[in-house]
Amino acid sequence: MTTTLTARRLAPLAGGFGAEVHKGMVNFLVQWRSILVQVAIYPVFYLLVVLFMGRGQLRTDLLVAGVLGMVPFTFIYEQVNRSFWSYLGDIQSGVLEQTYLTPLPSWALILGRQVASFFSALPQAASVYIVGMAVIAAHDASMPFDVQVLVPLAAIVLGTSGLALILSGLTLLYKRVEIATQISVALWFIAGGTFVPLINMPDWSAFLSRLLIPIAPGIEAMREILLKGRSLTSLQDGWGLGWLLLQPVLLLLVGGLLFVWLERVAKRRGTLGRY
């Protein structure tokens, strides 16, 4: 009896979660032309930056180090923007309030949007990685691999989701906050250690990057593991394994709490569907 009741309670949650994932993936597939353009542009941008840094040469060291920064940067840009625009698009089309008229808790819907934006960001990030590996191989070099790199990758995904929740929450209250996402792109690219390692930046800049930017600790850890042969427990350039694991959890917690608070404020003001 208890099992039956539990299943009945979980079924609507699973249905709402699945509906949000399905809606996000349908929107992704509808935009297949723009996706193809992005899949082509991101690798070109990566190669152009390497050419610039190498003074007209595709240097192997820059190609290897750069792909470890460019892949997370591409992912955070696409994941955050798709999560953000999923809310802004519903606001502009006037359907967001309908979502909140259902008896489902908003966390099920939020999780569905986050999962959809995660999968929608993978093709662009994968295109940078594949092109990077091909160009590195063409230079008779290779990218080292260590299974430990999955830990910083997971940290990047969690931290990025926290940032996406923060910007999505702000969207519910401040409908024209998209300028914040555009400004933050420069911060992720320049201060996140995408191409210039944080150890080569001023101390204050590296401190703020490791503290606030979701991809910064992960990129730093991946470079130490793959390029310097260090283990997770012997990371030296950044703040170590503890912060690598703690930062994304804190960002996700702050993002979730801030989203819930801003959501309640928007509901109280009756501005969920106002643009």
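Residues numbered from 1 in each chain as written. Predicted model: local features only at pLDDT ≥ 70, side-chain atom pairs only at ≥ 80, totals over all residues. Heavy atoms only, no water.

## Quick word on the nonpolar core
Test applied: Nine residue types can take part in a nonpolar core, namely buried Ala, Val, Leu, Ile, Met, Phe, Trp, Tyr and Cys, and a core is a set of them joined through side-chain atoms within 4.5 Å. With a 1.4 Å probe rolled over the protein chains alone, any residue whose accessible area is under 20% of its type maximum counts as buried; one over 50% counts as exposed, and the rest are partly exposed. Here a helix means four or more residues in a row that DSSP labels H or I, a strand means two or more in a row labelled E, and each is numbered from the N terminus. In what follows, residue pairs with any heavy atoms lying within 4.5 Å of each other are defined as contacts.
One finds Tyr46, Val67, Met143, Trp188 and Ile215 to be the most contacted residues of the largest nonpolar core, which totals 47 residues. Those elements that provide at least two residues to this core are helix 2 (32–53), helix 3 (60–93), helix 5 (106–138), helix 6 (150–173), helix 7 (178–191) and helix 9 (215–227). The element best represented in this core is helix 3, accounting for 11 residues. If we ignore the near neighbours within four places in the chain, the residues touching Ile215 are Pro72, Phe73, Ile76, Ile156, Thr160, Trp188, Gly192 and Thr194.

## A look at helix 2
Keep this limit in mind: Helix span is expected to be 1.5 Å times the residue number reduced by one. The arc in question is the one traced by the directions running from the helix axis out to the C-beta atoms.
For helix 2, which comprises 22 residues, the first-to-last C-alpha distance of 32 Å matches the rise-based estimate of 32 Å (1.5 Å per residue) to within 8%. Within helix 2, the full set of buried residues consists of Ile35, Tyr42, Pro43, Tyr46, Leu47, Val49 and Val50. Taken around the axis of helix 2, the buried residues stretch over an arc of 160°, which confines them to a single face. Summarising the geometry of helix 2, the exposed residues directed more than 90 degrees from the buried face are Arg33, Leu36, Leu48 and Phe52. At the exit of helix 2 stands Arg55, carrying a positive phi of roughly 55°.

## With respect to unusual backbone geometry
The backbone of Arg55 sits at a positive phi, close to 55°, despite the residue not being glycine. Considering the arrangement of structural elements, one finds Arg55 in the loop between helix 2 and helix 3. With phi around 55°, Asp140 is a residue other than glycine that occupies positive phi space.

## Let's talk about the side chain of Gln114
Note the following rule: Identification of polar contacts relies on pairs of N or O atoms within 3.5 Å, with a donor-acceptor requirement for protein atoms, meaning one able to donate a hydrogen and the other able to accept it, and with residues adjacent in sequence counted only if both atoms are side-chain atoms.
Along the polypeptide, Gln114 turns up in helix 5. Among the polar contacts made by the side chain of Gln114, one reaches the side chain of Ser83 at a distance of 2.9 Å. Residues contacting Gln114, with those up to four places away along its chain left out, are Gln79, Ser83, Ser161, Ala164 and Leu165.

## Concerning the packing of helix 5 against helix 6
When two helices pack together, their arrangement is given by the angle between their axes and by how far apart the axes lie. Convention followed: Every angle, taken between N-to-C directions, lies between 0 and 180 degrees, and every axis is a line fitted to C-alpha atoms, over only the stretch in contact when it is a helix. Our angle categories are set so that under 35 degrees counts as roughly parallel, over 145 as roughly antiparallel, 65 to 115 as roughly perpendicular, and the remainder as oblique. In this scheme the crossing of two helices becomes right-handed for a clockwise turn of the near helix relative to the far one and left-handed for an anticlockwise turn of less than a right angle. Residue polarity follows a fixed list, in which Ala, Val, Leu, Ile, Met, Phe, Trp, Tyr, Cys and Pro are nonpolar, Asp, Glu, Lys and Arg are charged, and the others, Gly among them, are polar.
Following both chains from N to C, one finds helix 5 and helix 6 inclined at 125°, their axes separated by 11 Å at the closest point. Viewed along their axes, helix 5 and helix 6 adopt a mutual orientation that is oblique. Note on packing geometry: the crossing formed by helix 5 with helix 6 is right-handed. Only Val157, Ser161, Ala164 and Leu165 of helix 6 make contact with helix 5, whose side of the interface consists of Ile110, Gln114 and Phe118. Here the residues of the contact of helix 5 with helix 6 are counted per class, giving 5 nonpolar, 2 polar and no charged.

## Overview of the packing of aromatic side chains
Note the threshold: Aromatic pairing here means that ring centres of Phe, Tyr or Trp (its six-membered ring) are within 6.5 Å. Orientation follows from the plane angle: under 30 degrees is stacked, over 60 is edge-to-face, and everything else is tilted. Only when the NZ atom of a Lys or the CZ atom of an Arg is both within 6 Å of the ring centre and within 35 degrees of the ring normal do we say a charge sits over the ring.
Tallied over the full model, the rule gives 12 aromatic pairs. Consider the rings of Tyr46 and Phe195, whose centres lie 6.5 Å apart with planes at 25°: the pair is stacked. Linking Tyr46 in helix 2 with Phe195 in the loop between helix 7 and helix 8 (203–212), this pair joins segments that are 149 residues apart in sequence. Overall, the relative accessible area of 0% leaves Tyr46 in the buried class. Considering the side-chain rings of Phe84 and Trp85, the 5.2 Å spacing of their centres and the 75° angle between planes classify their relative orientation as edge-to-face. According to the relative accessible area criterion, Phe84 is buried, its value standing at 0%. Taken together through their ring pairs, the aromatic side chains of Tyr42, Phe45, Tyr46, Phe73, Tyr77, Phe189 and Phe195 make up a single cluster. Positioned above the aromatic ring of Tyr87 is the side chain of Arg113, whose terminal nitrogen or guanidinium carbon lies 4.3 Å from the ring centre.

## Quick word on the pattern of salt bridges
Selection criterion: Salt bridge, as used here, is a side-chain nitrogen of Lys or Arg placed within 4 Å of a carboxyl oxygen of Asp or Glu.
The final tally for this structure, using the stated rule, is 6 salt bridges. The residue Arg59 makes a salt bridge to Asp61 at a minimum N-O spacing of 2.7 Å. You can call Arg59 partly exposed: its relative accessible area is 35%. As a salt-bridge pair, Glu220 and Arg210 come within 2.8 Å of each other at their nearest N and O atoms. Placement of Glu220 in helix 9 and of Arg210 in helix 8 is noted, with a sequence separation of 10 residues between them. The class for Glu220 is buried, based on a relative accessible area of 10%. Among the charged side chains, a network of salt bridges with common partners joins Glu224, Lys228, Arg230 and Asp237.

## Details of the side chain of Glu78
When you line up the elements, Glu78 lands in helix 3. Apart from the residues lying within four places of it in its own chain, the contact partners of Glu78 are Gln38, Tyr42, Ala121 and Gln124.

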